[in-house]
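Examination of the molecular architecture
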Amino acid sequence: MCEVAMEEQEREISDIDPQECPSVAENGVMLVVNHSHVHAPFSVVLATLLYCAEFITAAVLCGTYHNTGDGKWMGFTITFMVVPAMLIQLALTFIHRDLGRDRPLVLFLHLLLLGPVIRCFEALVVYFKAGHREEPYVTISRKIQLKKGQELPMELEIGQSERTLATHRNAFKRTAVIQAFLGSTPQLTLQLYATIQEKSFLPACRVVLMIITLISIIYGALVCSVLAIQIRYDEYKVRLRPAAYLCMIAWRGLEIATRITALVLFSTACTEWVILVGFVNLLFFFFLPWTEFWARKGSLTEGVEKNFSKLGTTVVLCMFTLLYACINVFCWSAVQLDLTHKELIERKQRWGRLALYYCGRFVENFLLITLWYFFKSDFFEYVCAPLLVVQLLVGYSLAVLFMLLFYQFCHPCRRLFRYNVHDCLHCVCCYKGRDGARGRQRKPQPTYSTAGTMVLVPEEPLELLDPRNSEPPDLTSQLGERETAIIEDIMEAA
């Protein structure tokens, strides 16, 4: 007899036909036992491989700098190699709560900066052992499948192995973001700047390190985008299609590559000023959440850790805000911080802030590239500078275009938007014409906003706004027509 740990009521919208499911029990609830189906921890393995590859390659490059007497480059490389590695060890220890447990070997490996390796090994052991014995401790997840106007209650038994793997996946997603924006991004900027300053042949280890860091940054940006979607639509199990991943890779890759290139080019012409530009960006995004926190007159959230004092909570929030600022210096973080909320994330998507960020970043990149064009060094004598400027601006514009394509066609929850990108652009172009037509017709103003923005569909069906409908609407059929490829679950299987 399995012990039930927790019961949760959810909704599920899927493409599974009711005829394909097992028979319904007498109480109308379908029981689906699925202990052996455990998803492989691919994200854990990928994050560990990127961590080890970047650390080892950076160590080899430091040896090369030491042999050639480049102490300055070696010092910066060691800093961007060790500091994020230490933060990753602290994050893994904090998430798994190992300080209060008797695990000396694990803590010792964390001191040796090998925490991700032992965590990956533990996840693989749990995965390969899953399904070989009966789970003594399970979770019952109750869901309602809506398909073609039919409600089909279902129950899923989720074993302890899957819950343990979900904890590992969530932990490594956080470490991937830390590695990408506190280690890989400054490391790639440094190595690209050193390559231009040395004006010599590229060492092989430096080329390999730059490629690995670029992959790590793009992967970290993808994790940020997926986490933002999962946080806003936490009642659904989000499944992204391959086209969505390809669109996000193009979006994030072009955005980050053009941003780093603009900063590096500007640093070769105005070395002292690039430090000011970087610190202004970092301080702005660091103090922006705190300014909003003080403006709302909020109190420090108690959802970080119950055993923390106010000082400990403040330190954790400052580290979290620093990571948020570092992400926004190089690309859009896809989330907004709310230090007064228990989850520290603002669920409401501010589309105006998104547009303001990309417009401001485009103007800043344009100014940096323009200043480099007028004050560039002799190293770029044989480079077609106007063509390079145009390529960078076009590249950033393409990044914005892929972002719009993602929200228009590839977003997994796009059918929950009241307006999509096409509607927004149409509203902006035809705003004056519609205002004139409404003024001539003297129609009463609706109680809801008609601005071209992306918001979630309201809970009240739109048919209720029509006074001609005297009969109550069939809510079940409306939900059936809005079927999506989203499958809900309490577990994280990405």
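Residues numbered from 1 in each chain as written. Predicted model: local features only at pLDDT ≥ 70, side-chain atom pairs only at ≥ 80, totals over all residues. Heavy atoms only, no water.

Structural notes on the overall build of the protein chain
Secondary structure summary: the protein chain contains 14 helices and six strands in total. Expressed as a percentage of its 494 residues, the buried residues of the protein chain come to 44%. In the protein chain, of all internal contacts separated by at least 6 residues, the share reaching a separation of at least 24 is 78%. As presented, the protein chain carries roughly 26800 Å² of accessible surface, and 65% of it is formed by carbon and sulfur atoms. (Helix = DSSP H or I, 4+ residues; strand = E, 2+ residues; numbered from the N terminus. Buried < 20%, exposed > 50% of the residue type's maximum accessible area, 1.4 Å probe, protein only. Contact = heavy atoms within 4.5 Å. Areas by Shrake-Rupley, 256 points an atom, 1.4 Å probe, with all protein chains shown as cover.)

Quick notes on the nonpolar core
Counting 58 residues, the largest nonpolar core has Val177, Phe181, Ile260, Ile327, Ile369 and Trp372 as the members making the most contacts within it. In terms of residues, this core owes the most to one element, helix H5 (residues 160-198), which gives 12 residues. Once residues within four sequence positions are removed from consideration, isoleucine 327 is found in contact with Val177, Phe181, Cys224, Trp332 and Ser333. Trp251, Tyr324, Leu339 and Cys410 belong to the second largest nonpolar core, which has 36 residues in total. (Core = buried A, V, L, I, M, F, W, Y, C linked by side-chain atoms within 4.5 Å.)

Remarks on a nonpolar patch on the surface
Where nonpolar side chains cluster on the molecular surface, the patch consists of Leu105, Phe108, Leu111, Leu112, Leu114 and Val117 and spans about 590 Å² of accessible area. For leucine 111, the location among the structural elements is in helix H3 (residues 104-111). (Patch = residues over 30% accessible without salt bridge, like charges linked within 9 Å, V, L, I, M, F, W, Y side chains within 5 Å. Salt bridge = Lys/Arg side-chain N within 4 Å of Asp/Glu carboxyl O.)

A look at the packing of H5 against helix H7 (residues 242-269)
Running from N to C, H5 and H7 cross one another at 40°; their axes reach a closest spacing of 10 Å. With respect to each other, H5 and H7 are oriented oblique. Classified by chirality, the crossing of H7 by H5 is right-handed. Across the interface between the two elements, Thr185, Leu188, Thr189, Leu192, Tyr193, Ile196 and Gln197 of H5 pack against Ile260, Val264, Ser267 and Thr268 of H7. (Axes fitted to C-alpha atoms, helices over the stretch in contact; angles between N-to-C directions. Parallel < 35°, antiparallel > 145°, perpendicular 65-115°, else oblique. Left-handed = near helix turned anticlockwise from the far one by under 90°.)

Observations regarding the packing of aromatic side chains
Evaluated as defined, the whole model comprises 17 aromatic pairs. A centroid spacing of 6.0 Å and a plane angle of 75° characterise the contact between tryptophan 73 and tyrosine 193, whose relative ring orientation is edge-to-face. With tryptophan 73 in helix H2 (residues 71-96) and tyrosine 193 in helix H5, this pair connects stretches of sequence that are 120 residues apart. For the residue pair tryptophan 73 and tyrosine 193, the accessibility class agrees, reading buried in each case. (Phe/Tyr/Trp six-rings, centres within 6.5 Å; stacked < 30°, edge-to-face > 60°.)

Structural notes on the packing of H3 against helix H4 (residues 115-129)
It is the contact of H3 with H4, at a shortest axis distance of 7 Å, that shows an interaxial angle of 140°. Of the possible angle classes, the one that applies to H3 and H4 is oblique. Taking contact as the criterion, the partners of Val106, Leu109 and His110 in H3 are, on H4, Gly115, Ile118, Arg119 and Glu122. The class makeup of the residues in the contact of H3 with H4 is three nonpolar, two polar and two charged. (Nonpolar A, V, L, I, M, F, W, Y, C, P; charged D, E, K, R; others polar.)

So, H3
Those residues of H3 that sit buried are Val106, Leu109 and His110. Viewed end-on, H3 has its buried residues packed into an arc of 105°, placing them on one side of the element. Exposed side of H3, more than 90 degrees from the buried face: Pro104, Leu105 and Leu111 are the residues found there. Each element contacted by the buried residues of H3 is listed here: H2 and H4. Leucine 113 sits one or two positions beyond H3 and adopts a positive phi of about 65°. (Arc of directions from axis to C-beta.)

Some details on the pattern of salt bridges
One pass over the full model with this rule turns up nine salt bridges. Glutamate 122 is the salt-bridge partner of arginine 119, the closest N and O atoms lying 3.8 Å from each other. Here arginine 119 pairs with glutamate 122, and both are found in helix H4, just three residues apart, close to one helical turn. For the pair arginine 119 and glutamate 122, one class covers both residues: buried.

Some thoughts on the environment of leucine 111
Among the residues examined, leucine 111 registers a relative accessible area of 69% and is labelled exposed. Counting along the chain gives 25 residues from leucine 111 to methionine 86, while the straight-line C-alpha distance between them is 8.4 Å.

Focus: the confidence of the model for the protein chain
Of the residues in the protein chain, 67% have a pLDDT of 70 or more, and the chain-wide mean is 76. Within the protein chain, helix H1 (residues 42-68) carries the highest mean pLDDT (93), whereas strand E1 (residues 3-12) carries the lowest (38). Below pLDDT 50 for its whole length, residues 144-151 participates in 34 contacts with residues either more than four positions away or in separate chains. Note on residues 442-494: pLDDT under 50 across the span, and 113 contacts to partners over four residues away in sequence or across chains. (pLDDT = per-residue confidence, 0-100.)

Quick word on the side chain of threonine 189
Looking at the secondary structure, you find threonine 189 in helix H5. With relative accessibility at 18%, the residue threonine 189 sits in the buried group. A distance of 2.9 Å separates a polar atom in the side chain of threonine 189 from the backbone oxygen of threonine 185. Excluding anything up to four places from it in sequence, threonine 189 contacts Ile260, Val264 and Phe330. (Polar contact = N/O pair within 3.5 Å; in protein donor to acceptor, adjacent residues only side chain to side chain.)

Observations concerning H5
Taking 1.5 Å as the rise per residue, H5 with 39 residues should run 57 Å; its terminal C-alpha atoms sit 54 Å apart, in good agreement. At serine 184, H5 is deflected by roughly 35°, the largest bend along its length, and proline proline 186 occurs up to four residues later in sequence. Within H5, 30 of the 39 residues are buried, which leaves it mostly tucked inside the rest of the structure. Residue lysine 199 follows H5 closely and has a positive phi angle near 55°. (Expected span 1.5 Å × (residues − 1). Bend = angle between axes of the 7 residues up to and from the residue.)

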